[in-house]
Amino acid sequence: MERTALVTGASSGIGRATAEALVAAGYRVYGTSRKPAAVQAPVAGVEYLPLELESEESIEGLAGTLESVDVLVNNAGESQSGPFEELPGDALRRLFQINVFGPVRLAQLALPGMRERGYGRVVMVGSMLASFPLAYRSSYVASKAAIKGFSNAARHELSPYGVWLTTVEPGSIATGLSERRTVYANPDSPHRRRFETMLAALDRNERAGTPPERVARTILTAIAATRPRQRYAVGSNAPLVFALRRVAPVGLAERLTHRKHNLSI
Ligand SMILES: NC(=O)c1ccc[n+]([C@@H]2O[C@H](COP(=O)([O-])OP(=O)(O)OC[C@H]3O[C@@H](n4cnc5c(N)ncnc54)[C@H](OP(=O)(O)O)[C@@H]3O)[C@@H](O)[C@H]2O)c1
C-alpha cells in the first residue's frame with residue numbers, strides 16, 4: 001500500500017533530504033515551503049505546498065491534506081540565539097509559534113485520520129541541545145524541549161491505535177542553517193564577547209557537521225519501526241555522548257557541551 005507523508009520545511013537541509021528519501025522509499029510525498037514556487041531545484045516526486053508556521057490561517061489551510069497523511073515530519077524550524085536577558089518578547093513568541101505551537105497544531109490536524117485508519121507516525125525534529133542545554137541558546141533549547149515534551153507525553157494516548165509520536169534530535173548538521181539563524185543581542189551587551197565566541201563555535205561545528213542525508217536515514221528508521229522509540233539522536237557523536245550522559249554527573253555533560261562551543265564554565 002502506498003503511504004503518504006508530509007514534511008514541513010522541505011525546501012532545504014534536513015527536510016529536503018527527508019522528502020527525497022521518502023520518495024525513494026516509495027511514499028507519496030508533500031513538502032512545504034513558505035514559497036513553494038521559489039524552491040531551488042525541487043525534488044522530483046515531491047508536491048510542494050505553502051506553509052507559513054507564523055500564520056494560523058496557513059496552518060489550517062493544510063487541514064484537508066493532513067486528514068489523509070500517514071506520516072507527518074515536523075521539521076521546519078527557526079534557530080535563534082541570544083543572551084537570555086536580552087531576548088525580545090516578540091521574538092520569543094514567534095519562535096514558540098514556529099517551533100512549538102505550529103507543529104503541535106499540524107499534529108492535531110493529522111492525528112484523527114491516523115487514529116481512525118489505525119496507522120500513523122509523527123516525527124518531531126528536535127535538537128540534541130534540548131538534551132544538552134547551552135548558554136545563549138535558551139529560547140531555542142526551550143522550544144525544542146517543549147516539542148519533545150508534547151511528543152513524549154502524548155505518545156501513549158495514540159500508541160494503542162498504531163499511531164506513534166517520536167522525536168529525532170540532530171546534533172550539528174551541515175545544512176547552512178547558520179546563515180539563516182536569528183540573533184538577538186544588544187549593541188552594548190555585557191555578554192557580547194562570550195556570546196560571539198559561542199556563536200563562532202556553533203557556526204564552525206555546523207559547517208563541519210553531519211550531512212543532512214544521515215539525519216534523513218534516521219528519520220526513515222524511526223518511521224519504519226514497529227514501535228518507534230521516544231527519541232532518536234544523530235550526529236555529534238550521539239551514541240557516545242548519550243551513553244556518557246547516563247553514567248556521568250550532570251556537571252560533566254554541562255562542561256563538555258560548553259567546551260565544544262569554546263565556553264569555559
Ligand atoms: N542544522 C542543524 O545543525 C540542526 C541541529 C539540530 C536541529 N535542527 C533542526 O532541524 C530542522 C531543520 O533545520 P535545517 O538545518 O535543515 O535548516 P534549514 O535548511 O534552514 O531548513 C529549515 C526549513 O524550515 C522552513 N521554515 C523556516 N521558517 C519557517 C516558517 N516560519 N514557516 C514555515 N517553514 C519555515 C524553511 O522553508 P522555507 O524557507 O522554504 O519556507 C526550511 O525549509 C529545524 O527544526 C532545526 O531546528 C537543525
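Residues numbered from 1 in each chain as written. Predicted model: local features only at pLDDT ≥ 70, side-chain atom pairs only at ≥ 80, totals over all residues. Heavy atoms only, no water.

K.L.:
It is not clear to me how the overall build of the protein chain should be interpreted in this structure. Could you clarify?
P.N.:
Broken down by element type, the protein chain carries nine helices and nine strands. Compactness check: the protein chain gives a C-alpha radius of gyration of 18 Å against a globular reference of 18 Å for 265 residues, within 12% of the reference. Viewed in the frame of its principal axes, the protein chain has a C-alpha envelope of about 55 × 40 × 30 Å. Evaluated residue by residue, the protein chain yields a buried proportion of 52% over its 265 residues. Restricting the contact set of the protein chain to residue pairs at least 6 apart, pairs at least 24 apart contribute 73%. Counting only carbon and sulfur atoms, one obtains 53% of the accessible surface of the protein chain, whose full area is about 12,400 Å². The average position of the 32 basic charges and that of the 24 acidic charges among the side chains of the protein chain differ by 9 Å. (Helix = DSSP H or I, 4+ residues; strand = E, 2+ residues; numbered from the N terminus. Rg over C-alpha atoms; globule rule 2.2 N^0.38 Å. Buried < 20%, exposed > 50% of the residue type's maximum accessible area, 1.4 Å probe, protein only. Contact = heavy atoms within 4.5 Å. Areas by Shrake-Rupley, 256 points an atom, 1.4 Å probe, with all protein chains shown as cover. Lys, Arg positive; Asp, Glu negative; His and termini not counted. Charge placed at Lys NZ, Arg CZ, Asp CG, Glu CD.)

K.L.:
Looking at this model, I keep getting lost on the packing of aromatic side chains. Mind explaining?
P.N.:
The geometry of an aromatic ring pair comes down to the distance between the two centres and the angle between the two planes. By the definition in use, this model includes three aromatic pairs. It is Arg-3 that lies over the ring of Tyr-119; its NZ or CZ is 3.6 Å from the centre. Residue placement shows Arg-245 over the ring face of Phe-132; its charged tip is 5.3 Å from the ring centre. (Phe/Tyr/Trp six-rings, centres within 6.5 Å; stacked < 30°, edge-to-face > 60°. Lys NZ or Arg CZ within 6 Å of the ring centre and 35° of its normal.)

K.L.:
How should I be thinking about the packing of helix H1 (residues 13-24) against helix H7 (residues 212-224) in this particular structure?
P.N.:
Axes are the key here: two packed helices are described by the angle between their axes and the distance separating the axes. Relative orientation of the contacting elements H1 and H7 amounts to 55 degrees, with a least axis distance of 8 Å. Classed by the angle they form, the pair H1 and H7 counts as oblique. Two packed elements cross with a definite hand, and for H1 against H7 that hand is right-handed. Seen from H1, the contacting residues are Gly-13, Ile-14, Ala-17, Thr-18, Ala-21 and Leu-22; seen from H7, they are Pro-212, Glu-213, Val-215, Ala-216, Ile-219, Leu-220 and Ile-223. For the contact of H1 with H7, the class distribution of residues is 10 nonpolar, two polar and one charged. (Axes fitted to C-alpha atoms, helices over the stretch in contact; angles between N-to-C directions. Parallel < 35°, antiparallel > 145°, perpendicular 65-115°, else oblique. Left-handed = near helix turned anticlockwise from the far one by under 90°. Nonpolar A, V, L, I, M, F, W, Y, C, P; charged D, E, K, R; others polar.)

K.L.:
Please clarify how the site of the ligand should be interpreted in this entry.
P.N.:
For the ligand, the set of nearby residues contains 27 residues, the closest of which are Ser-11, Ser-33, Arg-34, Tyr-140 and Thr-175. Between an oxygen atom of the ligand and a side-chain N or O atom of Tyr-140, the distance comes to 2.6 Å. At 2.6 Å, a side-chain N or O of Thr-175 approaches an oxygen atom of the ligand. Within the complex, 92% of the 880 Å² of free accessible area of the ligand lies under protein. Looking at the shell around the ligand, the elements that each hand over two or more residues are H1 and helix H5 (138-158). (Near = heavy atom within 4 Å. Polar contact = N/O pair within 3.5 Å; in protein donor to acceptor, adjacent residues only side chain to side chain.)

K.L.:
Explain empty space enclosed by the protein here, please?
P.N.:
Empty space left among the atoms is revealed by rolling a probe the size of a water molecule over them. Across all of its chains, the model carries one cavity of 30 Å³ or more by this definition. Within this model, the largest cavity holds a volume of roughly 40 Å³. Lining the largest cavity are Asn-74, Ala-76, Ile-98, Asn-99, Pro-103, Met-124, Val-125, Lys-144 and Ile-147. Each residue belonging to the lining of the largest cavity can be placed in one class, and the counts come to six nonpolar, two polar and one charged. (1 Å grid on protein atoms, 1.4 Å probe; cavity = no way out; pocket = protein on both sides within 12 Å on 5 of 7 lines; lining within 4 Å. Points joined across faces, edges and corners; volume = space filled by probe spheres on them.)

K.L.:
Would you explain the side chain of Thr-4 in this entry?
P.N.:
Among the structural elements, Thr-4 can be located in strand S1 (residues 4-7). Ignoring anything within four residues of it in the chain, the contact list for Thr-4 reads Tyr-27, Arg-28, Tyr-30, Ser-68, Val-69, Asp-70 and Val-71.

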